[in-house]
Amino acid sequence: MAFKLTIIGAGSLTFARTLFTDIMSVRELRNIEVAFTDINPDNLDRVTRLCQRDLDANGIPTKIFATTDRREALKGARYIVNCVRIGGLEAFESDIDIPLKYGVDQCVGDTLCVGGILYGQRGIAAVLDFCRDIREVAEPNALLLNYSNPMAMLTWACIKYGGVRTLGLCHGEIHGEMQIADVLGVKDRKELDVVCAGLNHQTWYLSVKHNGQEMIGRLLEGFERHPEYSRTEKVRIDVLRRFGYYSTESNGHLSEYVAWYRKRPGEIERWIDLSSWINGETGGYLRETRENRNWFETEFPRLLAEPPKSYGGDERSSEHGSYIIEALETGRTYRGHFNVMNHGAISNLPDECVVEVPCYVDGNGISVPRVGELPLGCAAVCSQSVWVQRLAVEAAVTGDAELLKQAVLMDPLTGAVCNPPEVWQMVDELLIAQEAWLPQYKEVIARAKARFAEGGLIPTNEGYRGAARQRVKTAEEVSAERREREERHKRE
């Protein structure tokens with residue numbers, strides 16, 4: 001088989017190399033043309049060197065074409081993988097730190113809440129440029145596999161305004177299946193027959209069958225009694241208790257998508273766990289990102305000294321991308337949960353929204369079965385998010401700051417904490433801080449700067465660190481901890 005694959009954001013060492021290893025683990029896909037592109041030439045070079053060394057060690061003659069010229073990389077591509085983070089660490093810091101001044105305490109800030117909405121403004125501005133290039137120079141009807149967050153917003157923009165066939169891919173549903181299998185005492189999640197549907201990061205396990213028997217009724221007791229999850233997944237368990245269904249995403253993620261768990265600083269620690277950032281720590285993912293910002297410099301020499309990756313299949317991950325490409329090219333059937341435009345798949349959510357539902361892929365293409373109605377409470381939770389996403393997408397495409405501010409005001413957690421004047425000022429402050437990545441708001445930002453220069457601003461809690469902030473570790477501490485974990489894993 002001969003076709004071209006392009007990875008945008010290939011300077012993401014762990015993720016890009018993992019996806020590439022997955023694809024090369026499929027024997028029929030080893031004769032493809034490969035292009036890597038990234039805006040960071042140093043990181044791009046490092047990832048290319050590692051992946052090319054892996055190819056050579058496995059006796060595969062493919063040569064990776066690496067370039068910072070995205071359009072050149074996209075020429076003739078049949079499949080494009082997007083895994084970029086627009087704005088990098090600098091923009092991410094403002095996503096978290098500016099809302100904190102107004103009392104909005106986020107853990108992740110990449111899907112909903114203020115951080116996710118602003119991240120979407122930056123991301124949509126970029127991916128629409130990607131889509132233009134794909135339409136003009138890639139293979140006709142090329143497929144974009146989007147891994148970047150905010151997943152629903154970016155996928156929505158690519159489909160509706162980018163004019164590119166797009167699937168949004170996330171591993172959250174897979175990780176939830178692993179937890180459910182653990183709770184039920186099932187050794188392999190693949191023994192479970194799962195139907196999961198909703199929105200990305202707010203998807204609900206509607207049916208979990210094992211040997212034909214429905215297990216949904218056993219989940220609450222199982223999670224409440226689990227020695228780890230009863231401590232680390234308090235928000236998810238509480239939502240399961242009150243709505244009857246387990247949600248896909250981590251405790252930290254879910255806690256910031258709804259109005260109930262992070263609105264009072266004194267109560268936040270009741271719902272989270274500080275053993276890992278993903279369990280709800282204030283700015284947890286930002287701390288993780290800060291600690292690993294120099295990861296290339298500290299770890300690349302060690303990775304280069306390690307044995308190359310094996311393409312025998314043992315190192316293939318559970319990420320959907322390679323299985324989708326394999327199914328489309330070989331005709332083998334693959335079933336997974338993907339992000340697609342609804343079009344009736346979930347009948348009590350709007351047709352025009354991006355939903356995460358079970359899909360089938362084979363040589364005939366991608367099939368999206370009809371799930372039917374979500375349970376009413378689950379649909380109500382998702383409906384709030386859909387309108388936030390819709391406002392945010394339209395704002396990003398049009399550069400309409402009023403729609404953007406309405407999106408932030410309608411966000412459940414933000415609306416529980418901030419009044420309208422505070423939201424309007426907070427968004428202005430964020431737009432000014434992120435000017436470099438928001439070309440669609442050029443005139444709006446100029447007016448916001450003028451308002452800030454006039455003074456008379458609403459007082460904010462400058463320097464507030466949040467209810468559950470942890471110290472950022474040094475690069476040396478992080479490296480030592482990683483090595484300790486690896487040694488422990490080897491001993492086990």
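Just above, that's the structure.
Description of the structure in this document. (Residues numbered from 1 in each chain as written. Predicted model: local features only at pLDDT ≥ 70, side-chain atom pairs only at ≥ 80, totals over all residues. Heavy atoms only, no water.)

## Here we look at unusual backbone geometry
- Put simply, Asn149 and Pro150 share a cis peptide bond, and its omega is -5°.
- If you trace the backbone, Pro150 turns up in the loop between strand S5 (143–146) and helix H6 (151–160).
- For Asn211, which is not glycine, the phi dihedral falls at a positive 55°.
- With respect to the element layout, Asn211 can be found in the loop between strand S8 (202–210) and strand S9 (213–214). (Helix = DSSP H or I, 4+ residues; strand = E, 2+ residues; numbered from the N terminus.)

## Focus: helix H14 (residues 295–305)
- Every buried residue of H14 is listed here: Trp295, Phe296, Glu299, Phe300, Arg302 and Leu303.
- Contact partners of the buried residues in H14: helix H1 (13–24), helix H2 (41–57) and helix H21 (475–491). (Buried < 20%, exposed > 50% of the residue type's maximum accessible area, 1.4 Å probe, protein only. Contact = heavy atoms within 4.5 Å.)

## Describing the pairing of strand S10 (residues 334–341)
- A large share of S10 lies buried, amounting to seven of its eight residues.
- The sheet contact formed by S10 and strand S11 (residues 354–362) spans eight bridges and is antiparallel. Each bridged residue has a counterpart across the sheet, and for Val340 the counterpart in S11 is Val355. (Pairing = 2+ DSSP bridges.)

## Remarks on the side chain of Arg287
- Within the element layout of this structure, Arg287 appears in helix H13 (residues 284–291).
- In this structure Arg287 touches Trp277, Glu281, Gln470, Arg471, Val472 and Lys473, once residues within four positions along its chain are discounted.

## Thoughts on the packing of H6 against helix H16 (residues 376–398)
- Viewed as axis vectors pointing N to C, H6 and H16 meet at an angle of 55°, and their least axial separation amounts to 10 Å. Here H6 is positioned oblique relative to H16, judged by the angle of their axes. Crossing angle aside, the handedness with which H6 passes H16 is right-handed. Along its contact with H6, which presents Ala152, Met153, Trp156, Ala157 and Lys160, the element H16 presents Val386, Gln389, Arg390, Ala392, Val393 and Glu394.
- Counted by class, the contact of H6 with H16 contains seven nonpolar, one polar and three charged residues. (Axes fitted to C-alpha atoms, helices over the stretch in contact; angles between N-to-C directions. Parallel < 35°, antiparallel > 145°, perpendicular 65-115°, else oblique. Left-handed = near helix turned anticlockwise from the far one by under 90°. Nonpolar A, V, L, I, M, F, W, Y, C, P; charged D, E, K, R; others polar.)

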